[in-house]
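A closer look at the structure
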Amino acid sequence: MSSVKIPRPKPPETEFKRKRGPPPQATKLLIASLSAGLIFMALLAIVFVPRYLENLNPPPSTLLTLQVNTTSGSPRIVVTYALNDLSLSLFNATLYRDNATVASLSPGLGGGTSSLSFTDANHDGQVGAGDYFSIQATSQGAYRFEVWQVDVGHLVGVQSWTGSLSA
């Protein structure tokens, strides 16, 4: 079998020099392509830059420190510390006994019952230190009380105890 060699083209002896400018159609095509690219980039910026800026300032979150208090007559879970005082509408709460829901408060901490209710002690419309949850935990069991911040989906306060609470 014989091998066939393909001759390589020889490099030009002189450097290429354009003798005239590009035709007007090519110039128009380049300008139209550049304009379309810039418009496309502007549209992408209109869509994605606001989404980026939203993520720079996430909604505020808080952390609640809760304490069971039985000395005030009726059993309460008192908010002893709040990292940020935020609107009541951002929170819900649930009381569990032996991992079963006993009572819950909807967002805004409304809809209280005799088993669980919320009191805004300083009437400012925000959850903060001094506010409290009145509870009835008269049956023996393992209790867990949770407060959730619904706009960010975080558990912001929890208190657990075993036994019953009575006045």
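Residues numbered from 1 in each chain as written. Predicted model: local features only at pLDDT ≥ 70, side-chain atom pairs only at ≥ 80, totals over all residues. Heavy atoms only, no water.

Points about the overall build of the protein
Heads up, the condition is: We count a stretch as a helix when DSSP gives it H or I for four or more residues in a row; a strand needs E for two or more, and each element gets its number in order from the N terminus. The size measure is the radius of gyration over C-alpha atoms, and the globule rule it meets is 2.2 Å times the number of residues to the 0.38 power.
Summing up its helical and strand segments, the protein has one helix and 10 strands in all. What you see in the protein, going N to C, is helices and strands ordered as α-β-β-β-β-β-β-β-β-β-β. Relative to the compact-globule value of 15 Å for 167 residues, the protein shows a C-alpha radius of gyration of 35 Å, a clear excess of over 25%. Dimensions of the protein, computed from the C-alpha atoms along their principal axes, are close to 105 × 55 × 25 Å.

Focus on the pairing of strand β9 (residues 142-149)
Condition: Two strands are said to pair when DSSP picks up at least two bridges between them.
Note: strand β4 (residues 91-97) against β9, seven bridges, orientation antiparallel. Considered in β9, the bridge of asparagine 92 is made with tryptophan 148. Of the pairings in the sheet, the one linking β9 to strand β10 (residues 154-162) comprises eight bridges and is antiparallel in character. The residue bridging tyrosine 143 from the neighbouring strand is tryptophan 161, located in β10. Counting the residues that bridge the hairpin from β9 to β10 gives four residues, and of these glycine 153 lies at a positive phi of roughly 70 degrees.

Quick notes on the sheet that holds strand β2 (residues 76-82)
Defined as follows: Fitted lines through C-alpha atoms give the axes, limited to the stretch in contact for helices. The angle between two N-to-C directions lies from 0 to 180 degrees.
If you walk across this open sheet you meet the four strands as β1-β2-β8-β6, and the pairing is antiparallel. At either end of the open sheet lies a strand with only one pairing partner, and these are β1 (64-69) and β6 (116-119). Taken pair by pair, the neighbouring strands of this sheet meet at an average axis angle of 25 degrees, ignoring direction. As defined by bridge partners, β2 adjoins strand β8 (residues 132-135) across three bridges and the pair is classed as antiparallel. Each residue of the ladder has a partner; that of isoleucine 77, found in β8, is phenylalanine 133.

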